[in-house]
Amino acid sequence: MKQVMEVIKEQIKNLPMIFRIARYEDKATYQSHYLGLAWQILNPLIQIAIYYFVFGFGMNAKSGSDASYIEWMLAGIIPWFFISAVILQGANSIYNKIGMVSKMNFPMSILPNITIVSNLTSYFTMMVILLGLLALNGTPVTIYWGQYLYYFVAMIAFLFSVTLFNATISVLVRDYYIMLQSVMRVLFYVTGIVWNLETMLPQWLVHLLKLNPIYYVVNGFRETFLMNRGFWESPSYTMYFWLITLTLLFVGATLHMKFRERFVDYL
């Protein structure tokens, strides 16, 4: 628990630095592109159009609720794009910077958090697009929309825990990152991003796939905006999600604090 508190204190203490570095990296990544930061929005929009054409038209996928398929897909794919990008970028965050920061007094635990902040601009812009679509379609605003804040905090907490863990393991075992890329490709389909698992699979298999904590977040966004269902209606599932998140945080913080003085030795 001491390691967890130390890592959290480093995040709070260096919060201004996290936002400064995130802004700098955003500009540096797209400075040679004519459209610059606009690609943060164009890339996901192009992917959404492709998925909608393939699954919405080609496979005639259904939402499994009163919402249209495009609304249902957007409510799930927007948090997925954010989660997927942060997990993959965050897993390499320490490895890519270790040579630069190992010789200075730099809190390496903030590197995974920088990837979270740097992807927020694209995420919030896509959320505005989703809310605009819901408004155009006349989707009523309900009291359940207020729980969006809960699911956003849950998503950030999970991502911080899992990126700290992944970033540490990726330095110690380089094969882990390659495996993680393959796992994320599989998770896209078994998390129900573009099709409704509950209408296509046996219930026992759906319950098994729900053990993936990303499903909790993605389905939570859909329940918030489209299904009028509260997170408190599934207390055991909510407890499971937070147990996984806190376990990842504890293990990740413990490994990070134990090995970070020797990270450079693994390069």
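As named in an unreviewed UniProt entry, the chain is Transport permease protein, taken from Listeria innocua serovar 6a. For the record of the chain, the UniProt heading Subcellular location (unreviewed entry) holds the text "Cell membrane". The chain has a UniProt comment under Sequence similarities (unreviewed entry) that states "Belongs to the ABC-2 integral membrane protein family."

S.K.: Can you walk me through the pattern of salt bridges in this structure?
M.R.: A side chain of one charge can pair with a side chain of the opposite charge when the charged atoms of the two come close. If you walk through the whole model with that rule in mind, you get two salt bridges. Among the salt bridges present, the one from Arg229 reaches Glu223, with a minimum N-O distance of 3.1 Å. In this structure Glu223 comes out as buried when scored by relative accessible area, which is 8%.

S.K.: Just checking my understanding: could you explain the UniProt feature "transmembrane region" (unreviewed entry) in the chain for this structure?
M.R.: Look at the UniProt record and you will see "transmembrane region" (unreviewed entry) annotated at residues 34-54, 74-95, 116-136, 148-174, 186-206 and 237-257. Secondary structure across residues 74-95 divides into 95% helix and 0% strand, with the first and last C-alpha atoms of the span separated by 33 Å. Secondary structure content for residues 116-136 is 95% helix and 0% strand, while the C-alpha to C-alpha distance between its ends is 30 Å.

S.K.: How should the packing of helix H6 (residues 111-118) against helix H8 (residues 148-172) be read in this particular structure?
M.R.: What describes two packed helices is the angle between their axes and the distance between those same axes. Running from N to C, H6 and H8 point in directions that differ by 135°, and their axes come no closer than 8 Å. As judged from the angle between their axes, H6 and H8 are oblique. Handedness of the crossing formed by H6 with H8: right-handed. Of the residues in H8, those touching H6 at Pro112, Asn113 and Ile116 are Ile156, Leu159, Phe160, Thr163, Leu164 and Ala167.

S.K.: Help me out: how do you make sense of the packing of helix H7 (residues 120-136) against helix H12 (residues 213-227) in this one?
M.R.: The geometry of H7 relative to H12 is characterised by a closest axis approach of 12 Å and an angle of 30° between their N-to-C directions. Taken together, the axis directions place H7 and H12 in an arrangement best described as roughly parallel. Read as a crossing pair, H7 and H12 show a hand that is right-handed. Contacts from Tyr123, Met127, Leu130, Leu131 and Leu134 of H7 reach H12 at Phe221, Phe225 and Leu226. A per-class count over the contact of H7 with H12 returns eight nonpolar, no polar and no charged.

S.K.: Sorry if this is basic, but what is going on with a nonpolar patch on the surface here?
M.R.: There is a patch of nonpolar side chains on the surface, built from Met1, Met5, Ile8 and Ile12 and spanning about 400 Å² of accessible area. Following the sequence through the fold, Ile8 ends up in helix H1 (residues 2-13). When its relative accessible area of 31% is taken as the criterion, Ile8 is described as partly exposed.

S.K.: Hey, could you run me through the nonpolar core in this one?
M.R.: Considering soluble globular proteins, one finds that nonpolar side chains tend to be buried as a cluster. Grouped together as the largest cluster of nonpolar side chains are 69 residues, with contacts concentrated most on Ile77, Tyr123, Met155, Leu159, Ile214, Phe221 and Phe225. Here this core gets 15 residues from one element, more than from any other, and that element is helix H4 (residues 69-91). Those residues within four positions of Tyr123 in sequence are excluded, and the remaining contacts are Ile78, Pro79, Phe82, Tyr148, Phe152, Met155 and Phe221. Counting 14 residues, the second largest nonpolar core, distinct from the first, contains Ala22, Ile98, Met108 and Val171.

S.K.: Which parts of the structure should I look at to understand the side chain of Gln11?
M.R.: Residue placement: Gln11 occurs in helix H1. Taking the relative accessible area as the measure of exposure, Gln11 reaches 7% and is therefore buried. In terms of polar contacts, Gln11 uses its side chain to reach the side chain of Asn113, at 2.9 Å. What Gln11 contacts, discounting residues up to four positions off in sequence, is Ile18, Ser109, Ile110, Asn113 and Phe160.

S.K.: How should H8 be read in this particular structure?
M.R.: Helical periodicity: at 3.6 residues per turn, an α-helix aligns residues three or four positions apart in one direction. Between its first and last C-alpha atoms H8 spans 36 Å; for 25 residues at 1.5 Å apiece the expected length is 36 Å, and the two agree. Of all 25 residues in H8, 20 are buried; the element is thus mostly enclosed.

Cut-offs and rules
All residue numbers here refer to positions counted from 1 along the written sequence of the relevant chain. Under the rules for a predicted model, residues below a pLDDT of 70 receive no local features and side-chain atom pairs below 80 are neither given nor counted, while totals for whole chains, interfaces and linings still include all residues. The side-chain numbers reported here are obtained from all heavy atoms of the structure, hydrogens and water having been left aside. UniProt positions are given in the numbering used here, feature names are shortened, and annotations may be inferred rather than shown by experiment. The rule for a salt bridge is simple: a side-chain nitrogen of Lys or Arg has to be within 4 Å of a carboxyl oxygen of Asp or Glu. Exposed residues in this analysis have more than 50% of their type's maximum accessible area, buried residues have under 20%, and partly exposed residues fall in between, with area computed by a 1.4 Å probe over protein chains only. By the criteria applied, helices consist of DSSP H or I runs no shorter than four residues and strands consist of E runs no shorter than two, each listed in order from the N terminus. In this analysis, axes come from line fits to C-alpha atoms, helices being fitted only over the stretch in contact, and the angle between any two N-to-C directions falls in the range 0 to 180 degrees. Between 65 and 115 degrees an angle is taken as roughly perpendicular, under 35 as roughly parallel, over 145 as roughly antiparallel, and anywhere else as oblique. Should the near helix be turned anticlockwise from the far one by less than a right angle, the crossing is termed left-handed; should it be turned clockwise, right-handed. The contact definition used throughout considers only heavy atoms, calling two residues in contact when any of these lie within 4.5 Å. Under the scheme applied here, ten amino acids are nonpolar (Ala, Val, Leu, Ile, Met, Phe, Trp, Tyr, Cys and Pro), four are charged (Asp, Glu, Lys and Arg), and all others, including Gly, are polar. Patches here are clusters of residues that have more than 30% relative accessible area and form no salt bridge, with a 9 Å joining cutoff for like charges and a 5 Å cutoff for nonpolar side chains (Val, Leu, Ile, Met, Phe, Trp, Tyr). The Shrake-Rupley method, run with a 1.4 Å probe, gives the accessible areas here. Residue values count only the displayed protein chains as cover. Only buried residues count toward a nonpolar core. Its members are Ala, Val, Leu, Ile, Met, Phe, Trp, Tyr and Cys residues joined through side-chain atoms within 4.5 Å. Whenever two N or O atoms come within 3.5 Å, that pair is a polar contact, provided that in protein one can donate a hydrogen and the other can accept it, and provided that, for residues adjacent in sequence, both atoms are side-chain atoms. To estimate the expected span of a helix, count its residues, drop one, and scale the result by 1.5 Å.

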